[in-house]
Amino acid sequence: MHPTRLSAALAALALTASLAGTLAGTATAATAGPSQPVPPGHGKSLALAAADKAADSGLDGLRHGTDEELVRTAVTPWAGGLYYAAYQRTYKGLPVAGGDAVVVSDSAGKVREVAAAPAPAIRLSTKATIGSAAALATAKAQLAGVESAGTPELTVLLKGNKPVLTWHTLVVGRTAEGLPSSLDTHVDARTGKVTQATDKILHADGRGYHNGNVTIDTAASSMTDPNRSGFRCGGQNGSAYTGTPPWGNGTANDLVTACVDIMYAAQRESDMLKQWFGYNGQNGQGGMVPARAGLGEVNAYYDGTKTTYGHNQNSTMQLTGIDVVAHEYGHEIFDRTPGSSGSSNENGGMNESTGDIFGALTEHFANNPNDTPDYTVGEKLNFLGDNKPIRYMYNPSLAGDPNCYPQLNSGTEVHAAAGPQNHWFYLLAEGSNPGGGKPASPICSGGPSSVTGIGIQKAGKIFMGALLMKTSSWNHLAARKATLASARNTYGSAECNAVKTAWNAIGVPAQSGETDCGGTTTPDFSLALNPASGSVQPGASVTSTVNTSTTGGSAQTVQLSASGAPSGVTVSFSPSSVTSGNSSTMTVQVAAGTANGTYPITVTGTGSATHTVTYQLSVGTTTPPTGCADTEYTYEGSLASGQAEAQPDGSYYYSATSGTHVGCLRGPAGADFDLYLQKWNGSGWADVAVGGTESADEDIAYKGTAGYYRYVVHAYSGSGAYTLGLSAP
């Protein structure tokens, strides 16, 4: 048995929305009737099944080629029964940098939103001519001093919409000028030259302030957080300070006191994320990177592995104020949400703005009298010696930064490029003339006459929801679409319209396909294929079910068509049009003499909108094996090496009585396929029996109690068609 490989393959498996009695293709129902009970926790399973099916089917921007997959890497629950599922693209098993995607789905099994970074069809050799050791040496040579470097991973980088085979690593250290640097580096695996290097550290962000006597979470004898994984604070050697509470002496340059400030601010930010947004800490998993105090420089930064804090210009205090610390950990939020950190100045500016936004949010949540909430950055620091903030979110031009999106260009410095999104957030939270002692905020040319704010907590939750739709191609236009979707899905039309007005006020134009904020829902639908691929011999046919669902407004008529079929292949639909929510059987007829090969066929649904999915047809490559004739039900499928799929037909079956479950797997000659029988334990699927020999054929006989069961077929090595027979009590 191969549990490690199976775990990776199962990242894309979930319950399907249909019961096992509603099956497609050549599969036969493995249950006694359609009125089975539904497992607890099924809403999440339905949501993820819908997202996975959209990714597998290549819905719209999720389209992918024959050797590509979209592998689910993270799931974040959200308000209203929504789930954000993040996907990484792979090519022949290698990770792809770019072409990533996010699918938002709900507990009813409907796809709400799809966000995808553009990706070309990938075709290139995966054989490196430069070794990993040589690539690592090249990556390290970029820095004058190296603190740490990750093991290079062979990766496909999408650069300029073209695929490049690279060695990918993170190198942390110092530049020749003595500046800290954390270079996310891609070294061309054929030429040995650096093809892309993006510095995760954004410099000149130092600000500092003490928070007074505060309560922090630490261990009894160490400044290590017992509740938030990975978080500790100490000096430049990386070890947590030790001792006993009360920590620090309250003076400006005592480094233990600096760690008190750091831990207080970071922990309040973590609490804010959980209490206001339902999000689990800065890394989304209940933790955050460690912190180091005592940097002998006028700087504070996040490098992907830690945050580091120095002193102010006059060395009169450490740079550990609430907005400083929350800003740096805001970079971790940006880095750990889908799409990570991008390489463009615009993306970098939005990363900087994200830090500023989380600084303001944390100040408002903490409501500390020593640092009253505001929308300025570094106001307590005297960073430039003039006792002024370094950025003004309500009016970025006061610091010489652009207020409006049209003022940005490719050469805008990243901190200045934070201006437009900072301005948008203030307008959304407070409005253009909030009163109550809060500053007025200007509106850019062509914008509305005024903007009414919705409050910082709502604005923050909308922004956090949008970050969960972020991809590697993130920019202001994508942020407008994502925040509109987040507002409508999280709150409603009023908040959605407020988001739209705020974007209009800083000059970010409307985008094709953006969410309609009106009181009525725009009619829309989605498509999915089950299965999304099939194998057939010349002279035969194969079928798949085209499932549709209504995702907005009323049900509508969807006309089905296909394109891209090779010579000798015809595609038909029965029926040729359906009312959304219903399904059609697609038959792919392959004439005798059709050339062997793998062909992508685009299936298009046309209604109030147009959506596409992709069916991968393999002609003459494999024939499903036989040998399970004694079982009650038979299912067929085809897997590439490393893939896995659930049966019956991506779903499960219910056994009402105790008895023996029999599974018979026959796979392609020379391959190593494994068979897992799983039972629903109330919150997830658990293995109860495994056939894991080093062959293509596996047999299982398991005596079990009543409950929900499914089989998982896993191609540990080798590819091809398989046959699964099963019998249930």
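Refer to the preceding data block for the structure.
Residues numbered from 1 in each chain as written. Predicted model: local features only at pLDDT ≥ 70, side-chain atom pairs only at ≥ 80, totals over all residues. Heavy atoms only, no water.

Peer 1: Before we move on, can you summarise the overall build of the protein with the specific residues and values?
Peer 2: A tally of helices and strands in the protein yields 10 helices and 34 strands. For 729 residues, the compact-globule formula gives about 27 Å, and the C-alpha radius of gyration of the protein, at 28 Å, lands near that figure. Counting only C-alpha atoms and orienting by the principal axes, one finds that the protein spans roughly 85 × 55 × 55 Å. Considering only intrachain contacts with a sequence separation of at least 6, the fraction spanning at least 24 residues in the protein is 68%. Here the protein has roughly 27,100 Å² of accessible surface; of this, 49% comes from carbon and sulfur atoms. (Helix = DSSP H or I, 4+ residues; strand = E, 2+ residues; numbered from the N terminus. Rg over C-alpha atoms; globule rule 2.2 N^0.38 Å. Contact = heavy atoms within 4.5 Å. Areas by Shrake-Rupley, 256 points an atom, 1.4 Å probe, with all protein chains shown as cover.)

Peer 1: Any details on empty space enclosed by the protein? Residues and values, ideally.
Peer 2: One water molecule sets the probe size; rolling that probe over the atoms shows where empty space is left. Applying the stated rule across the entire model yields 3 cavities of 30 Å³ or more. Reported here for the second largest cavity is a volume of approximately 40 Å³. Every residue lining the second largest cavity is listed: D323, H327, G355, D356, G359, A360, T376, V377 and M393. Contributing elements (two or more residues each) for the lining of the second largest cavity: α5 (322–336), α6 (345–366) and β15 (376–377). Counting residues per element, the lining of the second largest cavity draws most heavily on α6, at 4 residues. Considered class by class, the residues forming the lining of the second largest cavity number 3 nonpolar, 4 polar and 2 charged. (1 Å grid on protein atoms, 1.4 Å probe; cavity = no way out; pocket = protein on both sides within 12 Å on 5 of 7 lines; lining within 4 Å. Points joined across faces, edges and corners; volume = space filled by probe spheres on them. Nonpolar A, V, L, I, M, F, W, Y, C, P; charged D, E, K, R; others polar.)

Peer 1: Go over the pattern of salt bridges with me, naming the residues and quoting the values.
Peer 2: Evaluated as defined, the whole model comprises 19 salt bridges. Salt-bridge contacts for R112 lead to D106; the nearest nitrogen and oxygen are separated by 2.9 Å. Judged by relative accessible area, which is 7%, D106 ranks as buried. One salt bridge in this structure joins K200 and D335, with 2.8 Å as the shortest N-O distance. Here the residue K200 occupies a position in the loop between β10 (194–199) and β11 (233–234), and D335 occupies one in helix α5, the gap between them amounting to 135 residues. A single burial state applies to K200 and to D335, both of which are buried. Connected via shared salt-bridge partners are D217, D225, R228, R268 and D271. (Salt bridge = Lys/Arg side-chain N within 4 Å of Asp/Glu carboxyl O. Buried < 20%, exposed > 50% of the residue type's maximum accessible area, 1.4 Å probe, protein only.)

Peer 1: Which residues make up the pairing of strand β2 (residues 82–91), and what are the values?
Peer 2: Counting buried residues along β2, 9 of its 10 residues qualify, which places the element largely inside the surrounding structure. In this structure, strand β1 (residues 68–78) lies alongside β2, joined through 10 bridges in antiparallel fashion. Along β2, the bridge assignment pairs R72 with Y87. Where β1 folds back on β2, the antiparallel hairpin that results is connected by 3 residues, among which G80 adopts a positive phi of roughly 70°. Inspection of the sheet shows β2 paired to strand β4 (residues 101–106) by 6 bridges, in the antiparallel sense. (Pairing = 2+ DSSP bridges.)

Peer 1: Help me get a handle on the state of the cysteines, residues and values and all.
Peer 2: A full pass over the atoms with the stated rule returns 4 disulfides. Across the disulfide from C496 sits C517; the S-S distance is 1.9 Å. The chirality of the disulfide connecting C496 with C517 is left-handed, given an S-S dihedral of about -60°. Here C517 lies in the loop between α10 (493–505) and β17 (524–530) and C496 lies in helix α10, a separation of 21 residues in the sequence. A residue is classified by how much of its surface remains accessible, and C517, at 1% relative accessible area, is buried. Each disulfide in the protein links cysteines that, numbered along the sequence, combine into the pattern 1-2, 3-4, 5-6, 7-8. (Disulfide = S-S within 2.5 Å.)

Peer 1: Explain the packing of aromatic side chains residue by residue, including any values.
Peer 2: With the rule as written, the count across this model stands at 19 aromatic pairs. Through a chain of ring-to-ring contacts, the aromatic side chains of F358, W424, F425, F463 and W503 assemble into a single cluster. A cation over a ring is seen here: K458 above Y491, with NZ or CZ 5.2 Å from the ring centre. Between K461 and the ring centre of W78, over which it is positioned, the NZ or CZ distance is 5.6 Å. (Phe/Tyr/Trp six-rings, centres within 6.5 Å; stacked < 30°, edge-to-face > 60°. Lys NZ or Arg CZ within 6 Å of the ring centre and 35° of its normal.)

Peer 1: Can you tell me about the sheet that holds β17, naming the residues and giving the values?
Peer 2: Strands sit in the order β17-β19-β23-β21 across an open sheet of 4 strands; the sheet is antiparallel. Single-partner strands in this sheet number two, and they are β17 and β21 (569–574). Between one strand and the next, the sheet's axes are offset by a mean angle of 25°, whatever the strand orientation. Summarising the sheet, β17 and strand β19 (residues 541–552) pair through 7 bridges and their orientation is antiparallel. When the bridges of β19 are listed, D524 appears paired with G552. (Axes fitted to C-alpha atoms, helices over the stretch in contact; angles between N-to-C directions.)

Peer 1: Explain the environment of V172 to me, and be specific about the residues and the numbers.
Peer 2: Assignment of secondary structure puts V172 in strand β8 (residues 162–174). The residues contacting V172, other than those within four sequence positions of it, are L143, G145, V146, E147, S148, S181, S182, D303 and K306.

Peer 1: Describe in detail the packing of α6 against helix α8 (residues 456–467), supporting the description with residues and values.
Peer 2: Following both chains from N to C, one finds α6 and α8 inclined at 140°, their axes separated by 11 Å at the closest point. The two elements α6 and α8 cross, and the hand of that crossing is left-handed. On the side of α6, the interface is formed by T354, I357, F358, A360, L361 and H364, while α8 contributes I456, G460, F463, M464 and L467. (Left-handed = near helix turned anticlockwise from the far one by under 90°.)

Peer 1: Describe the side chain of T308, and please don't skip the residues or the numbers.
Peer 2: Here T308 lies in strand β14 (residues 307–309). In this view, T308 contacts Q236, R292, L295, N299, A300 and Y301; residues no more than four positions away in its chain are not counted.

Peer 1: So what about the sheet that holds strand β20 (residues 557–563)? Which residues, and what values?
Peer 2: Across the sheet, which stays open at both edges, the 5 strands sit in the order β18-β25-β24-β20-β22 with mixed pairing between neighbours. Among the strands making up the open sheet, the edge pair consists of β18 (533–536) and β22 (577–579). Taking the axes of each pair of neighbouring strands and ignoring which way they run, one obtains an average angle of 30° across the sheet.

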